[in-house]
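# An overview of the molecular structure
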Amino acid sequence: MANDNTSVLDPLAATTFPEERTLALAHMAPALRRALKLYFALDARLARQVAQAREPMLGQIRLAWWRDQLKLPAVERAQGDQILDAVEVMWGSDTNALLALVDGWEELLGEAPLSAAAISQFAAGRAQSLAALIRQTGKEALVEHVTRAGERWALVDFAWKTSEPVEHETALGLARQIEGTVTLPRSLRGIQVLDRLACHSLKTETPLLVGRSAAFVALRVGLIGR
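For the rest of this paragraph, the subject is the pattern of salt bridges. Counted according to the given criterion, the structure contains 13 salt bridges. Between D157 and R21 there is a salt bridge, with the nearest N and O atoms lying 3.5 Å from each other. Linking D157 in helix α7 (residues 143-159) with R21 in helix α1 (residues 19-26), this pair joins segments that are 136 residues apart in sequence. When sorted by exposure, D157 lands in the same class as R21, which is buried. For D81, the salt bridge identified is with R45, shortest N-O distance 2.7 Å. You can see D81 sitting in the loop between α3 (56-71) and α4 (82-90) and its partner R45 sitting in helix α2 (residues 30-52), a full 36 residues away along the chain. Across this residue pair, the class does not change: D81 and R45 are buried. What emerges from the salt-bridge pattern is a single network uniting R21, D43, R126, D157 and K161.

So this is what it looks like as structure tokens:
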């Protein structure tokens, strides 16, 4: 895992994220913040490429490029892409852990409305790469908790972004099947913020971080962890 070094210019300094992700970054330990930012940036790029693909084949080609590049040593990767150039600095050398994220987004290239299995696999892919961020710190005992939080957040996030009513309900239904809230140490509180916002969204049936009550949840979790 690449360490957070303030003497190194942030390659993604100008990148903006939805407010809930910005809050998550703010509440992560410095040693993990840069890696999580890279994860969010790649996640957002893959989301755009899938959304803009007019045909599944075109989307698969774009995702295959990312898959191929992430498998290469840093010195052999294509140059000039802001996110790809930042991978080694912000994530480290274990880029295979990001392949699950690419595989997850590929699940959304199927015919709409997507099946529950496809949506579940999509969320699992996002969660696996998120949990890999933790695994690289040696805190193996927390991987299951982060995976559960990542799947719930991924499902709720997707539910409020899809334009397909069936997919919306399917994703929320899958998220409700994930039992129990997740409690994480202060160093991982950003992920806990995402999980608690997802739980609040399921309870209120509103998007992530919409309304005063959601903002209060994020503030409370960020400050005291519950």
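Next comes the rest of the write-up.
Right, let's get into a nonpolar patch on the surface. Together, M57, L58 and I61 make up a nonpolar patch on the protein surface, roughly 290 Å² of accessible area in all. Here M57 shows up in helix α3. Taking the relative accessible area as the measure of exposure, M57 reaches 51% and is therefore exposed.

Axis separation between α2 and helix α5 (residues 99-106) bottoms out at 10 Å; the angle between their running directions is 25 degrees. Considered as vectors, α2 and α5 are oriented roughly parallel to each other. For the pair α2 and α5, the sense of crossing is right-handed. From α2, Y39, L42, D43, L46, A47 and V50 reach across to α5, where they touch L101, V102 and W105.

By size, the foremost hydrophobic cluster in this structure holds 73 residues, and its most contacted members are L38, F40 and W91. Contacts of F40, omitting those with residues within four sequence positions, involve F17, R21, A24, L25, W153 and L194.

Definitions and cut-offs
- Positions within a chain are numbered from 1, following the residues in the order the chain's sequence is written.
- Local features in a predicted model are, by the rule used here, given only for residues with pLDDT of at least 70; side-chain atom pairs are given and counted only at 80 or more, and totals for whole chains, interfaces and linings are based on all residues.
- For the side-chain quantities, the full set of heavy atoms in the structure was used; hydrogens and water were omitted.
- One speaks of a salt bridge when a side-chain nitrogen belonging to Lys or Arg is within 4 Å of a carboxyl oxygen belonging to Asp or Glu.
- Starting at the N terminus, helices and strands are each numbered in turn, a helix being any DSSP run of H or I of at least four residues and a strand any DSSP run of E of at least two.
- Note on exposure labels: buried denotes an accessible area under 20% of the residue type's maximum, exposed denotes more than 50%, and partly exposed covers the range between, all computed with a 1.4 Å probe on protein chains only.
- Here a patch means residues that are over 30% exposed by relative accessible area and free of salt bridges, tied together within 9 Å if like-charged and within 5 Å if nonpolar (Val, Leu, Ile, Met, Phe, Trp, Tyr).
- Here the Shrake-Rupley method, with its probe set to 1.4 Å, supplies the accessible areas, and only the displayed protein chains count as covering residues.
- As a rule, the C-alpha atoms of each element are fitted with a line to give its axis, helices using only the stretch in contact, and angles between N-to-C directions run from 0 to 180 degrees.
- By definition in this entry, angles of less than 35 degrees are roughly parallel, angles greater than 145 are roughly antiparallel, angles of 65 to 115 are roughly perpendicular, and the rest are oblique.
- Handedness of a crossing is defined here by the sense of rotation of the near helix relative to the far one, left-handed for an anticlockwise turn of less than a right angle and right-handed for a clockwise turn.
- Residue contacts follow a heavy-atom distance rule, with two residues in contact if any of their heavy atoms lie within 4.5 Å.
- Put simply, a nonpolar core is a bunch of buried Ala, Val, Leu, Ile, Met, Phe, Trp, Tyr and Cys residues held in one set by side-chain atoms that sit within 4.5 Å of each other.

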